[in-house]
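Next come the chains, spelled out residue by residue.
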Amino acid sequence: MNRSASILEELWRRLPDLRSQVYFKSALTALSHAMEDQALATPGPSLIIANFQQERFYRQEAQRYRRIAEHSDQVYVLAAPETSFASGSEDYEKIAFDPSDSLSNEWHLVVINRLYSICLVCRERQLSDGGEADNVSMPSSMDQTRRFEGVWTFNPQVCWHAADLMLERIADYRPELEEKLAAARAQYLQVPPAESPDTEPPNVDPDPFASRLMTYLQAGQYKLIKAYRSIALKERRERLVNLISSAIRQTLDPTQIFAVAVRELGQALQAERSLIYSCHSQDQQVTIEHEFLAQSSVPSLVNQAWSLEAPPIRAVIESLEAIAIDDTTGVDTAGADDNSALDLASLRPTLKRLQICSWLVVPIVHQGNLLGMIELHRSDIQQGWTSYERELVEAIAVQLGLSLIQAEAYANLGSLNQQLEALERTRSNLIAITGHELRTPLSTIQVCLESLASEPDMPLELRQVMLSTALEDAERMRKLVQDFLTLSQLESGRVQWHMEALPVEECVELALSSLKARQRNEDLPSIKIQVPDELPLVRADGEWLVEVLSKLLDNACKFTESPGEVSIEAHRNERGMLEVTVADTGRGIEPNRLDAVFDRFYQEEGALRRTAGGTGLGLAICRQVILNLGGQIWAESAGRGQGSQFHFTLPVVPPRGRSGDRSSPKQGNKSKGTKRKGAKRGNRAKA
Ligand code: ADP
């Protein structure tokens with residue numbers, strides 16, 4: 001016998017008038033089950049031949065066939081092996097056919113007993129309308145819609161031929177069953193039935209069969225509905241996630257993304273109110289900006305403060321896990337999974353006013369950090385939160401988290417770009433200015449030295465002038481290079497700070513004596529010191545503090561002509577910081593230049609026309625130092641000719657350590673500080 005021949009086609013060949021019909025798999029399953037049940041319910045044995053196509057379809061029914069085999073010894077089960085199915089004789093005869101056999105594409109069930117015959121001979125329709133195989137990569141939920149064509153009938157003649165063909169095929173695979181198969185033929189297929197396929201009515205009550213068939217069909221339909229419902233839910237979820245993802249792709253603005261998300265979520269989950277807001281774990285409340293209301297009768301929360309201290313919200317903030325409360329009106333929070341500890345009693349009036357009967361709170365989290373929250377409120381407790389709804393909101397929360405992170409990264413990138421541009425501008429300016437600052441004294445030195453070299457007869461006084469001009473400019477260059485290096489060190493954060501508790505007056509004294517030593521021959525204005533003894537100690541690096549004081553004093557003296565006056569004053573300000581002021585009665589500063597004086601190379605005459613000496617870097621250094629010491633520095637002046645005041649603040653040492661630090665080791669402190677300063681100053685000069 002030809003193993004690849006189709007049983008259905010063979011049947012058609014024998015009975016050309018046989019009409020075929022199309023069946024969905026769900027219908028065939030129902031039919032097969034009804035036929036099997038009928039066989040089980042029929043007294044006496046039956047010949048039962050079942051072809052399952054593939055081993056996997058057989059496996060689901062193996063148990064049922066074991067039961068059927070208890071009623072009859074003529075039960076044959078055929079399938080194409082996939083893993084363990086093999087030919088053999090256990091409870092019933094198993095025939096593992098060649099997978100290339102056309103049996104693997106057909107579904108047969110033949111039942112013949114003394115009361116009736118019934119058979120189902122079908123073949124799977126391989127091509128769909130689009131030309132693809134019906135069962136290629138079909139989701140399991142769609143398996144029920146596989147289509148078959150063939151016959152299902154009680155007609156004894158058709159059943160006889162179907163059984164005959166099947167037994168022939170079995171004999172081909174299992175020749176050792178020859179005797180058993182002959183017995184089957186002798187018992188069930190002895191006389192070929194009458195010619196006409198339509199005449200003989202089945203000798204069986206059709207009612208139980210019909211009602212069984214109905215039950216199985218209904219069950220199949222129910223499965224289909226379930227499958228479609230799950231597909232519809234998946235589709236809805238995907239649509240929502242896609243909608244929000246595409247909003248994220250179109251804009252980096254979280255406001256716009258939140259606006260879309262809050263509306264879509266509210267509508268999809270049929271919530272009376274939905275809220276989306278940004279927040280952090282330490283926030284206690286937020287102002288609501290994004291809200292969706294299903295009806296205008298629900299009170300709006302827009303522009304209102306929304307407390308994050310409410311128990312469910314706080315619990316979500318702490319656990320970073322969603323909380324779903326089905327019924328907020330109950331005595332406890334029944335329905336809130338594992339959240340029975342939440343006490344909503346204090347919230348009852350608010351929940352009632354805002355009509356929050358069911359509450360879903362889902363955090364927006366990125367890498368363990370809380371970025372925001374999604375809340376859905378329903379006024380109907382009947383409709384609890386399903387796990388599907390919760391998962392949907394969680395999926396949206398993930399998308400929103402990504403959008404927030406993207407927006408933040410974009411904003412950071414923007415400000416980083418601006419900083420880079422500003423740095424680039426500063427760098428170019430700096431190169432231009434530094435070049436000029438160094439060239440000017442260098443040119444002077446060069447001219448002086450060339451004149452001295454080329455004019456040996458130059459008068460002695462002129463020679464002296466040339467030499468001292470060259471020396472002055474060399475000194476200016478040295479200071480410039482030193483200040484420049486100091487500032488670069490400060491700006492690049494390469495300075496090691498040695499913080500300690502210091503009495504400010506000691507630093508003032510040191511700054512003053514170094515000023516006097518440097519300007520021994522110059523006419524200094526009178527300098528007044530008002531630094532009370534009882535001031536608290538400051539926490540600072542002594543060397544740098546003296547440096548700041550020296551620079552401010554230098555400037556005050558430089559820009560104050562006699563008989564002007566310079567003063568140094570210190571007090572504890574209203575913020576508890578120690579505030580030091582270096583004031584003078586000199587030339588003053590235009591109010592609109594009060595900030596600019598702290599810029600590098602700022603000089604009133606303009607960066608490229610210096611006349612007053614100095615490097616233009618002193619105040620920039622002072623600002624860097626004071627900021628690093630945790631204080632602030634600023635200038636005040638009533639304007640031109642009105643004198644200037646330079647103020648800076650420093651943190652004071654906490655009260656407990658103050659008296660001890662101050663009383664006994666004052667002397668020690670002082671000498672230690674002075675010694676260390678000397679050592680460090682030497683180091684820096686080298687640098
Ligand atoms: P330098 O004094 O070396 O030029 P600074 O950075 O110390 O550099 O000061 C920058 C500029 O600020 C000075 O050139 C001057 O125009 C202005 N300035 C600083 N201190 C005073 C002051 N006490 N009175 C008036 N102007 C001042």
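The shown structure was predicted, so the numbers you read here are calculated from the model rather than taken from an experiment.

Conventions we followed
Here, residues in each chain are numbered from 1, in the same order as that chain's written sequence. In keeping with the predicted nature of the model, local features appear solely for residues at pLDDT of at least 70, side-chain atom pairs appear and are counted solely at 80 or more, and the whole-chain, interface and lining totals rest on all residues. Excluded from the side-chain calculations are hydrogens and water; all other atoms, namely the structure's heavy atoms, are used. Known as pLDDT, the predictor's per-residue confidence is scaled from 0 to 100. Any pair of residues with heavy atoms lying within 4.5 Å of one another is described as a contacting pair. Every angle, taken between N-to-C directions, lies between 0 and 180 degrees, and every axis is a line fitted to C-alpha atoms, over only the stretch in contact when it is a helix. For the purposes of this entry, the term helix denotes a DSSP run of H or I that reaches at least four residues, the term strand denotes a run of E that reaches at least two, and both are numbered from the N terminus. The cut-offs work like this: below 35 degrees is roughly parallel, past 145 is roughly antiparallel, 65 to 115 is roughly perpendicular, and the gaps in between are oblique. It is the rotation of the near helix from the far one that decides the hand of a crossing: anticlockwise by less than a right angle makes it left-handed, clockwise makes it right-handed. Note on residue categories: nonpolar means Ala, Val, Leu, Ile, Met, Phe, Trp, Tyr, Cys or Pro, charged means Asp, Glu, Lys or Arg, and polar means any other residue, Gly included. Here the expected span of a helix is defined as 1.5 Å times the quantity of residues minus one. Only protein chains enter the accessibility calculation, which uses a 1.4 Å probe. A residue is then buried if its area is under 20% of the maximum for its type, exposed if over 50%, and partly exposed in between. Criterion used throughout: strands pair if DSSP finds at least two bridges between them.

## Comments concerning the confidence of the model for the protein
Averaged over the protein, the pLDDT score is 84; the fraction of residues at 70 or greater is 87%. With pLDDT under 50 throughout, residues 129-137 is counted as low confidence; its partners more than four residues away or in other chains account for 11 contacts.

## Description of the packing of helix 7 (residues 206-250) against helix 8 (residues 254-268)
Between helix 7 and helix 8, the least distance of the axes is 9 Å, while the angle of their chain directions is 170°. Taken together, the axes of helix 7 and helix 8 are roughly antiparallel relative to one another. Where helix 7 crosses over helix 8, the handedness of that crossing is right-handed. Contacts from R236, R239, L240, L243, I244, A247 and I248 of helix 7 reach helix 8 at I257, V260, A261, E264, L265 and A268. Tallied by class, the residues present in the contact of helix 7 with helix 8 amount to 10 nonpolar, no polar and three charged.

## Let's talk about helix 13 (residues 504-518)
Taking 1.5 Å per residue as the helical rise, helix 13 with its 15 residues ought to reach 21 Å, and the 21 Å between its terminal C-alpha atoms agrees with that figure. What helix 13 keeps buried is the set V504, E505, E506, C507, V508, A511, L512 and L515.

## Comments concerning the sheet that holds strand 13 (residues 323-325)
Sheets are built from strands paired through backbone hydrogen bonds, the pairs being either parallel or antiparallel. Taking strand neighbours across the sheet as the criterion, the five strands line up as 11-9-15-14-13 in an open arrangement whose pairing is antiparallel. Of all the strands in the sheet, just strand 11 (290-293) and strand 13 have a single pairing partner and so form its edges. Between one strand axis and the next, the sheet turns by 10° as a mean value, whatever way the strands run. On the sheet, helix 9 (residues 311-319) packs against strand 9 (273-278), strand 13, strand 14 (358-366) and strand 15 (369-378) and is oriented at approximately 25° with respect to strand 14. Strand contacts of helix 11 (residues 387-454): strand 9, strand 13, strand 14 and strand 15, with the helix running at about 35° to strand 14, the strand carrying the most contacts.

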